[in-house]
Amino acid sequence: MTDECPTGGDERARDALLLDAMLGKLATYLRMCGYDAAYALDRDAEDDDRLLAIARDEDRTVLTRDRDVARRADDAVLLTTRDVTDQLRELREAGYPLALADRPTRCGRCNGPVERVDADDGTPEYAPDPAEVSVWQCLDCGQHFWQGSHWDEVAERLAGL
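First, a word on what this report is: a plain description of the structure on this page. Predicted model, so just to flag it, every value in this text is computed and none were measured.

## Details of the overall build of the protein chain
- When you go through the protein chain residue by residue, the secondary structure sums to five helices and seven strands.
- Secondary structure elements of the protein chain occur, N-terminal to C-terminal, as β-α-β-α-β-α-β-α-β-β-β-α.
- Taken over C-alpha atoms, the radius of gyration comes to 16 Å for the protein chain, in line with the 15 Å a tight globule of 161 residues would show.
- Considered along the principal axes of its C-alpha atoms, the protein chain spans approximately 50 × 35 × 25 Å.
- For the protein chain, the residues scored as buried account for 42% of the 161 residues in total.
- Nonlocal contacts in the protein chain, meaning residues at least 24 apart in sequence, comprise 50% of its contacts between residues at least 6 apart.
- Of note, the protein chain has its 20 positive side-chain charges centred 4 Å away from the centre of its 36 negative side-chain charges.

## Re the sheet that holds strand β1 (residues 16-19)
- If you trace the four strands from one edge of the open sheet to the other, you get β2-β1-β3-β4, paired in parallel fashion. With partners counted over all chains shown, the strands left at the sheet margins are β2 (36-39) and β4 (76-78), one partner each. Direction aside, the axes of adjacent strands within the sheet are offset by 25° on average.
- As defined by bridge partners, strand β3 (residues 61-64) adjoins β4 across three bridges and the pair is classed as parallel. Considered in β4, the bridge of Leu 63 is made with Val 77.
- In the packing of helix α2 (residues 48-57) onto the sheet, contacts are made with β1 and β3, and the angle to β1 comes to roughly 175°.

## Observations regarding unusual backbone geometry
- Despite not being glycine, Asp 44 has its phi angle at roughly 50°, a positive value.
- Considering the arrangement of structural elements, one finds Asp 44 in the loop between β2 and α2.
- Note on Asp 44: relative accessible area 66%, which makes it exposed.
- You will see that Asn 111, though not glycine, has its phi angle at about 80°, which is positive.
- Considering the arrangement of structural elements, one finds Asn 111 in the loop between α4 (84-93) and β5 (114-116).

## Describing the nonpolar core
- With 25 residues, the main nonpolar core has Leu 19, Leu 26, Leu 30, Tyr 35, Leu 63, Leu 91 and Leu 98 as its most contacted residues.
- Sorting the residues of this core by element identifies β1, α1 (24-32), β2, α4 and α5 (149-159) as the ones contributing at least two each.
- Of all the elements, α1 adds the most residues to this core, at five residues.
- Filtering out sequence-adjacent residues up to four positions away, Leu 63 remains in contact with Leu 17, Leu 18, Leu 19, Asp 20, Leu 23, Leu 26, Leu 30, Val 77 and Leu 91.
- Residues Ala 38, Ala 73, Ala 76 and Leu 78 belong to the second largest nonpolar core, which totals 14 residues.

## Observations concerning a negative patch on the surface
- A cluster of like negative charges, contributed by Glu 115, Asp 118, Asp 120 and Asp 121, occupies part of the molecular surface.
- As for its position among the elements, Asp 120 is in the loop between β5 and β6 (135-138).
- Residue class for Asp 120 comes out exposed when judged on its relative accessible area of 70%.

Quick notes on the rules
Residues numbered from 1 in each chain as written. Predicted model: local features only at pLDDT ≥ 70, side-chain atom pairs only at ≥ 80, totals over all residues. Heavy atoms only, no water. Helix = DSSP H or I, 4+ residues; strand = E, 2+ residues; numbered from the N terminus. Rg over C-alpha atoms; globule rule 2.2 N^0.38 Å. Buried < 20%, exposed > 50% of the residue type's maximum accessible area, 1.4 Å probe, protein only. Contact = heavy atoms within 4.5 Å. Lys, Arg positive; Asp, Glu negative; His and termini not counted. Charge placed at Lys NZ, Arg CZ, Asp CG, Glu CD. Pairing = 2+ DSSP bridges. Axes fitted to C-alpha atoms, helices over the stretch in contact; angles between N-to-C directions. Core = buried A, V, L, I, M, F, W, Y, C linked by side-chain atoms within 4.5 Å. Patch = residues over 30% accessible without salt bridge, like charges linked within 9 Å, V, L, I, M, F, W, Y side chains within 5 Å. Areas by Shrake-Rupley, 256 points an atom, 1.4 Å probe, with all protein chains shown as cover. Salt bridge = Lys/Arg side-chain N within 4 Å of Asp/Glu carboxyl O.

Here's what the structure looks like:
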């Protein structure tokens with residue numbers, strides 16, 4: 001269990017993560033950074049025992065604000081703040097690299113894998129034309145993504161950590 005920042009400076013690999021019910025916004029940021037970041041509420045895991053069972057079964061590191069859950073987990077990072085920017089700082093200090101990938105690899109909504117949409121494929125009305133802008137689609141939920149203003153805002157937030 002990690003409940004304070006290690007001093008060694010070793011960066012953690014892109015671990016498979018499981019975020020508790022209090023960390024939904026953080027899950028989106030981590031997915032944008034390329035992490036396999038499962039979220040408790042997406043997995044019907046509000047109950048601590050269920051959360052811990054999923055973490056064990058899938059060999060995931062638990063990210064939590066709950067000291068009891070962190071203590072009971074095989075591998076956990078205890079976050080102490082409520083603000084997502086401060087949570088990102090805590091993770092960076094704990095050795096997690098936090099930078100946007102060159103291209104999206106995970107769906108920000110459901111954590112599924114994404115693939116690039118071909119330039120001649122159609123997209124929903126809300127998405128740009130893939131012949132003009134790179135667009136990705138989630139293979140699980142069908143959501144479309146592109147590197148627009150939201151991507152830029154996240155990049156700025158990460159750069160300011």
